[in-house]
Amino acid sequence: MKTTKLHLHSEWKAFLREELNSNNFQAIISTLAIERKIHTIFPSNDVIFNAFNFTKPSKIKVVILGQDPYHGKGQAHGLAFSVPIGVKIPPSLQNIFKELQRDLNHSISSNGNLESWAKQGVLLLNATLTVREKKAGSHQKLGWELFTDSIIKKLSEEKEGVIFLLWGAFAQKKSALIDTNKHHILTTTHPSPFSAYRGFLGCNHFSKTNKILLNNNQKPINWKLCSEPLTLF
């Protein structure tokens, strides 16, 4: 698959020209095509890059880093932690909503689609962008992390004042890619039920993020969720 055929916004194609033309990325696309012939892979090709298509590099204010997509049918749609409207909200996202309620007094949402965050400049980036059905982490050796690590590093180098929310040990390892003299990093435990009560619930990351944005004369994020999905730009 050539980069001109990717379901990827033109601004990202320009921003990631070197990465998209790399041998690593071409190998990912080739292997993924083979995987789809043998296994059920999530998400579908047309939404793999949704995180990028809803949040142009020039508009990024916040990065929330996930590990890999949900591996159940109908869940993954290219945005970390997010699920389409009408899909049962996964446990980690339930805890994210609990923290939003505690931190900002937002009511618990029945809508797990985080597109409205992405449209405001929140890059919801998974380190691995695809997964086999019912096999969490199955594509972690496909080469995606080399690709997404390069994106994190490039954002760190070329932008200023981005707020990185690193939840859990896996995400926190990515701090080595980020220039802390130029950017803000907030860390806590993962919102998974196994760890949320050891730090995530009570972290105040949503209000802290908005305070940083306001201090930098930027518009804060409206963390309340829309009832309907938003269109791409």
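Everything in this summary refers to the structure shown in the same document. (Residues numbered from 1 in each chain as written. Predicted model: local features only at pLDDT ≥ 70, side-chain atom pairs only at ≥ 80, totals over all residues. Heavy atoms only, no water.)

1. Observations concerning the environment of Glu-99
Logical step 1: Topologically, Glu-99 is positioned in helix 5 (residues 91-104).
Logical step 2: Taking the C-alpha atoms as reference, Glu-99 lies 34 Å from Leu-16; in sequence the two are 83 residues apart.
Logical step 3: Once residues within four sequence positions are removed from consideration, Glu-99 is found in contact with Leu-104, Phe-200, Leu-201, Gly-202, Cys-203, Asn-204 and Phe-206.
Logical step 4: A polar contact of 2.9 Å, which involves the side chain of Glu-99, links it to the backbone nitrogen of Asn-204. (Helix = DSSP H or I, 4+ residues; strand = E, 2+ residues; numbered from the N terminus. Contact = heavy atoms within 4.5 Å. Polar contact = N/O pair within 3.5 Å; in protein donor to acceptor, adjacent residues only side chain to side chain.)

2. Details of the packing of aromatic side chains
Logical step 1: Scanning the model with the defined rule gives 14 aromatic pairs in all.
Logical step 2: When the centroid spacing of 4.9 Å and the interplanar angle of 40 degrees are considered together, the rings of Phe-25 and Phe-147 count as tilted. In this pair, Phe-25 sits in helix 3 (residues 23-38) while Phe-147 sits in helix 7 (residues 144-158), placing the two residues 122 residues apart along the sequence. We note that Phe-25, like Phe-147, is buried.
Logical step 3: Every member of this aromatic cluster is reached through a ring pair, and the members are Trp-12, Phe-15, Phe-25, Phe-49, Phe-52, Trp-144 and Phe-147.
Logical step 4: Note that Lys-154 overlies the ring of Phe-15, its terminal NZ or CZ placed 5.4 Å from the centroid. (Phe/Tyr/Trp six-rings, centres within 6.5 Å; stacked < 30°, edge-to-face > 60°. Buried < 20%, exposed > 50% of the residue type's maximum accessible area, 1.4 Å probe, protein only. Lys NZ or Arg CZ within 6 Å of the ring centre and 35° of its normal.)

3. Topic: the layout of surface pockets
Logical step 1: Of the pockets and cavities examined, the largest pocket occupies roughly 630 Å³.
Logical step 2: Taken together, 32 residues line the largest pocket, and the ones lying closest to its centre are Gln-67, Asp-68, Tyr-70, Ser-92 and His-190.
Logical step 3: If you list the elements that add at least two residues to the lining of the largest pocket, you get strand 2 (62-66), helix 5 and helix 8 (169-172).
Logical step 4: Among the elements that take part in the lining of the largest pocket, helix 8 stands out by supplying 3 residues, more than any other. (1 Å grid on protein atoms, 1.4 Å probe; cavity = no way out; pocket = protein on both sides within 12 Å on 5 of 7 lines; lining within 4 Å. Points joined across faces, edges and corners; volume = space filled by probe spheres on them.)

4. Focus on the environment of Leu-79
Logical step 1: Inspection of the secondary structure puts Leu-79 in the loop between strand 2 and helix 5.
Logical step 2: Linking Leu-79 and Ile-48, residues 31 residues apart in sequence, is a C-alpha distance of 8.5 Å.
Logical step 3: Excluding anything up to four places from it in sequence, Leu-79 contacts Asn-50, Ala-51, Phe-54, Leu-114, Glu-115, Ala-118, Leu-124 and Asn-126.

5. Quick look at the packing of helix 3 against helix 7
For any two helices packed against each other, the geometry is given by the interaxial angle and the distance between the axes.
Logical step 1: As a packed pair, helix 3 and helix 7 sit with axes 9 Å apart at the nearest point and diverge in direction by 135 degrees. Between helix 3 and helix 7, the interaxial angle falls into the category oblique. Crossing geometry of helix 3 relative to helix 7 is assigned as left-handed. Packed against helix 3, whose contacting residues are Asn-24, Phe-25, Ile-28 and Leu-32, the element helix 7 presents Trp-144, Leu-146 and Phe-147 at the interface. (Axes fitted to C-alpha atoms, helices over the stretch in contact; angles between N-to-C directions. Parallel < 35°, antiparallel > 145°, perpendicular 65-115°, else oblique. Left-handed = near helix turned anticlockwise from the far one by under 90°.)

6. Regarding the nonpolar core
Logical step 1: Counting 62 residues, the largest nonpolar core has Trp-12, Phe-49, Trp-117, Trp-144 and Phe-147 as its most contacted members.
Logical step 2: Setting aside residues up to four positions removed in sequence, Phe-49 forms contacts with Leu-6, His-7, Leu-8, Phe-25, Leu-129, Trp-144 and Phe-147. (Core = buried A, V, L, I, M, F, W, Y, C linked by side-chain atoms within 4.5 Å.)

7. Considerations on helix 7
Logical step 1: For helix 7, spanning 15 residues, the distance from its first C-alpha to its last is 21 Å, which sits close to the expected 21 Å at 1.5 Å a residue.
Logical step 2: When we look at burial in helix 7, the residues that qualify are Trp-144, Glu-145, Phe-147, Thr-148, Ile-151, Ile-152, Lys-154, Leu-155 and Ser-156. (Expected span 1.5 Å × (residues − 1).)

8. Comments concerning the pairing of strand 2
Logical step 1: Counted residue by residue, strand 2 has 5 buried out of 5 residues, so it is predominantly covered.
Logical step 2: The alternating pattern of strand 2 places Val-62, Ile-64 and Gly-66 and Val-63 and Leu-65 on opposite faces, both of which are buried.
Logical step 3: Looking at chain direction, strand 2 and strand 3 (residues 122-126) are connected through 5 bridges and run parallel. The residue bridging Val-63 from the neighbouring strand is Leu-123, located in strand 3.
Logical step 4: Sheet analysis places strand 2 next to strand 5 (residues 163-167), joined by 3 bridges and oriented parallel. Across the sheet, Ile-64 pairs through a bridge with Leu-165, a residue of strand 5. (Pairing = 2+ DSSP bridges.)

9. Notes on the sheet that holds strand 5
Logical step 1: As summarised here, the arrangement of the 4 strands in space is 3-2-5-6, forming an open sheet in which the pairing is parallel. Each edge of the open sheet is held by one strand with a lone partner, namely strand 3 and strand 6 (184-188). Pairs of neighbouring strands in the sheet enclose a mean axial angle of 20 degrees, with direction left out of account.
Logical step 2: Where helix 7 meets the sheet, its contacts fall on strand 2, strand 3 and strand 5, and the angle it forms with strand 3 comes to roughly 150 degrees.
Logical step 3: The sheet strands contacting helix 9 (residues 205-215) are strand 2, strand 5 and strand 6, and the helix crosses strand 5 at an angle near 165 degrees.

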